Amino acid sequence: MNLILLGPPGAGKGTQAKRLEEKYGLDQLSTGDMLRAECKSGSELGRKAQAIMDQGHLVPDEIMIDLIAARIDQHAGQGFILDGFPRTVPQAVALDDMLAKKGLKLDHVIELTVDEPALIDRLAGRFTCAKCGTSYHDHYRRTKVEGVCDVCGSHHFIRRADDKPEAVKTRLAAYRQQTAPILPYYRQKGILRQVDGMADIDDVTRAIEKVIRGP
Ligand code: AP5
C-alpha cells in the first residue's frame, strides 16, 4: 500500500505517518526529515537547503525530485507513506513517472484539513526528540515523563527554526499558493480523501485507518 499524507504545515502529517509506519510496516518517506538530515550532515545539498527552509520557502523542484526518486528507487518494502512530497504540481507529475517506471501505484492520497489558527498554535508549541524525531506539543502531546522521550528515552529535544512566526507565515502562504493546487490533480484521479485533522490525534488515526481499510 502506498499513501500520500497531504496537508499544510502542522496538520499532523508526521505524527500520523509515524503511527502508520509502526502499525502497518510502511516506510515513512518524509522529505522534510531527509532535508534536515542533509543540513545536519553539512552536505552541499544541506547547505543549499538550510537557508531556504529556515525562511519557510520551498526547496526547488529539481532537488526534491532527485531526492525522492533515489528513495523510491531503493524502496523494497511493503509500501510507503509520503509525508511532505509532492508539494507542487511538477513534483506530483514527476512522482507518477517514478512510480510507473517501478510498476507501482498510489492507493490513497489523504488530505488532513486543519484551520490556520490551529496550525499556528500547533507549530508554536511543537518540540521534537533530537534522537528519534518523535513530535510533541507543549499542550496537546506532552511526554509521559517530563523531559524524557516516550519512544527512545532521549533527554534531548529541539524546536525547529522554521516554526518561528515569520517562517510559519511564509510556509502557510507556500502551501496555499504552491501545494494546494495539487489537490484537484488527485481529486481527478479519484484517490483523494479528506480527513478532519482538527480532531484529537487518536481520532485522526482512526479516520485514516478507515480510509485505508476501505468501505
Ligand atoms: P516538512 O518537514 O515537510 O514540514 P511541513 O510540511 O511544514 O510539516 P510539518 O512537519 O511542520 O508538520 P506536520 O504536518 O508533519 O505536523 P506534525 O505531525 O509535526 O518541511 C519543512 C521544509 O522542508 C519546508 O518548509 C520546505 O522548505 C522543505 N521541503 C520539504 N519537502 C519539500 C518538498 N517536497 N518540496 C520543496 N520543499 C520541501 O504536528 C505539528 C504539531 O501539532 C506537533 O507538535 C504535534 O504534536 C501536534 N499535533 C499533531 N496532530 C495534532 C492533533 N490532531 N491535535 C493537536 N495537536 C496535534
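The preceding data block contains the structure.
The following refers to the structure shown.

The rules behind each value
- Throughout, a residue's number is its position along its own chain's written sequence, starting from 1.
- Confidence filtering applies because this is a predicted model: local features only for residues at pLDDT of at least 70, side-chain atom pairs given and counted only at 80 or more, and all residues used for totals across whole chains, interfaces and linings.
- Hydrogens and water molecules were not included; the side-chain quantities draw on all heavy atoms of the structure.
- Under the pairing criterion, centres of Phe, Tyr and Trp rings, with the six-membered ring standing for Trp, must be within 6.5 Å; the plane angle then separates stacked pairs below 30 degrees from edge-to-face pairs above 60, leaving the rest tilted.
- Comment: elements are numbered from the N terminus, with helices defined as DSSP H or I runs of at least four residues and strands as E runs of at least two.
- Summary of the burial criterion: residues with accessible area below 20% of their type's maximum are buried, those above 50% are exposed, and those between are partly exposed, where the area comes from a 1.4 Å probe applied to protein chains only.
- Polar contacts here mean pairs of N or O atoms no more than 3.5 Å apart (in protein, one a potential hydrogen donor and the other a potential acceptor; neighbouring residues in sequence count only if both atoms are side-chain atoms).
- Every residue pair with non-hydrogen atoms within 4.5 Å of one another is taken to be in contact.
- A single heavy atom is enough: if one lies within 4 Å of a molecule or strand, its residue is considered near that molecule or strand.
- For the area figures, the Shrake-Rupley method with a 1.4 Å probe applies, and any residue is considered shielded solely by the protein chains shown.
- Any helix carries an expected span of 1.5 Å times its number of residues minus one.
- Whenever Lys or Arg places a side-chain nitrogen within 4 Å of a carboxyl oxygen from Asp or Glu, that contact is recorded as a salt bridge.
- Disulfide assignment relies on a single distance test, namely cysteine sulfur atoms paired within 2.5 Å.
- Note on definitions: angles span 0 to 180 degrees between N-to-C directions of axes, and those axes are lines fitted to C-alpha atoms, for helices only across the stretch in contact.
- Roughly parallel means an angle under 35 degrees; roughly antiparallel means over 145; roughly perpendicular covers 65 to 115; every other angle is labelled oblique.
- Left-handed describes a crossing whose near helix is turned anticlockwise from the far helix by less than a right angle; the clockwise case is right-handed.
- Residue polarity follows a fixed list, in which Ala, Val, Leu, Ile, Met, Phe, Trp, Tyr, Cys and Pro are nonpolar, Asp, Glu, Lys and Arg are charged, and the others, Gly among them, are polar.

Attention now goes to the packing of aromatic side chains. In the structure shown here, the tally under the stated rule is four aromatic pairs. Relative to tyrosine 186, the ring of tyrosine 185 has its centre 5.2 Å away and its plane inclined at 85°; by these criteria the two rings are edge-to-face. Taken together, Phe127, Tyr136 and Phe157 form an aromatic cluster joined through their ring pairs.

This part covers the side chain of threonine 143. Considering the arrangement of structural elements, one finds threonine 143 in the loop between β6 (135-137) and β7 (157-158). Threonine 143 gets classed as buried once you look at its relative accessible area, which sits at 10%. A polar side-chain atom of threonine 143 sits 2.9 Å from the main-chain carbonyl oxygen of valine 145. When neighbours within four sequence positions are excluded, threonine 143 is seen to be in contact with Phe127, Tyr136, Val148, Cys149, Asp150 and Phe157.

The subject of this paragraph is the site of the ligand. In the region of the ligand, 37 residues are neighbours, and Thr15, His57, Arg87, Tyr136 and Arg171 sit closest. Within the side chain of arginine 36, an N or O atom sits 2.9 Å from an oxygen atom of the ligand. Between a nitrogen atom of the ligand and a main-chain N or O atom of alanine 199, the distance comes to 2.8 Å. In isolation the ligand offers 1,000 Å² of accessible surface; the protein chains occlude 96% of this area.

Taking 1.5 Å of rise per residue, the 14 residues of helix α4 (residues 61-74) would be expected to cover 20 Å, and the 20 Å separating its terminal C-alpha atoms lies within 8% of that figure. As for α4, its buried residues are in contact with β2 (27-30), α2 (31-41), α3 (44-55), β3 (80-83) and α5 (89-102).

Here the structure, examined in full by the defined rule, presents 15 salt bridges. Residue aspartate 33 is joined to arginine 36 by a salt bridge in which the shortest nitrogen-to-oxygen separation is 2.9 Å. Of this pair, aspartate 33 and arginine 36 both sit in helix α2, three residues apart, which is roughly one turn of that helix. Of the charged contacts, one joins lysine 105 and aspartate 107 as a salt bridge, the two residues approaching to 2.8 Å between their closest N and O atoms. The exposed category is assigned to lysine 105, whose relative accessible area is 53%. In this structure aspartate 107 comes out as partly exposed when scored by relative accessible area, which is 24%. Taken together, the shared-partner salt bridges connect Arg126, Arg160, Asp162, Asp163 and Arg171 into one network.

Okay, the state of the cysteines next. Going through the model one piece at a time under the given rule, you end up with zero disulfides. Free cysteine: cysteine 39, not disulfide-bonded; nearest cysteine sulfur from cysteine 129 at 18 Å. Sulfur of cysteine 152: no disulfide; nearest cysteine sulfur belongs to cysteine 129 and is 3.6 Å away.

Turning next to the packing of α4 against α5. For any two helices packed against each other, the geometry is given by the interaxial angle and the distance between the axes. α5 packs onto α4 with a crossing angle of 25° between their chain directions and a minimal axis gap of 10 Å. Between α4 and α5, the angle falls in the class roughly parallel. Like other packed secondary-structure pairs, α4 and α5 cross with a definite hand, here right-handed. Facing Asp61, Met64, Ile65, Ile68, Ala69, Ile72 and Asp73 of α4, the residues of α5 in contact are Pro90, Gln91, Ala94, Leu95, Met98, Leu99 and Lys102. Taken together, the residues that form the contact of α4 with α5 break down as ten nonpolar, one polar and three charged.

On to the packing of α2 against α4, then. For the pair α2 and α4, the least separation of the axes is 11 Å and the interaxial angle reads 100°. Considering their axes alone, α2 and α4 lie roughly perpendicular with respect to each other. Every residue of α4 that contacts α2 at Thr31, Met34, Leu35 and Glu38 is listed here: Met64, Leu67, Ile68 and Arg71. Here the contact of α2 with α4 is built from residues that sort into five nonpolar, one polar and two charged.

Purely geometric stuff here, so don't read any function into it on its own.
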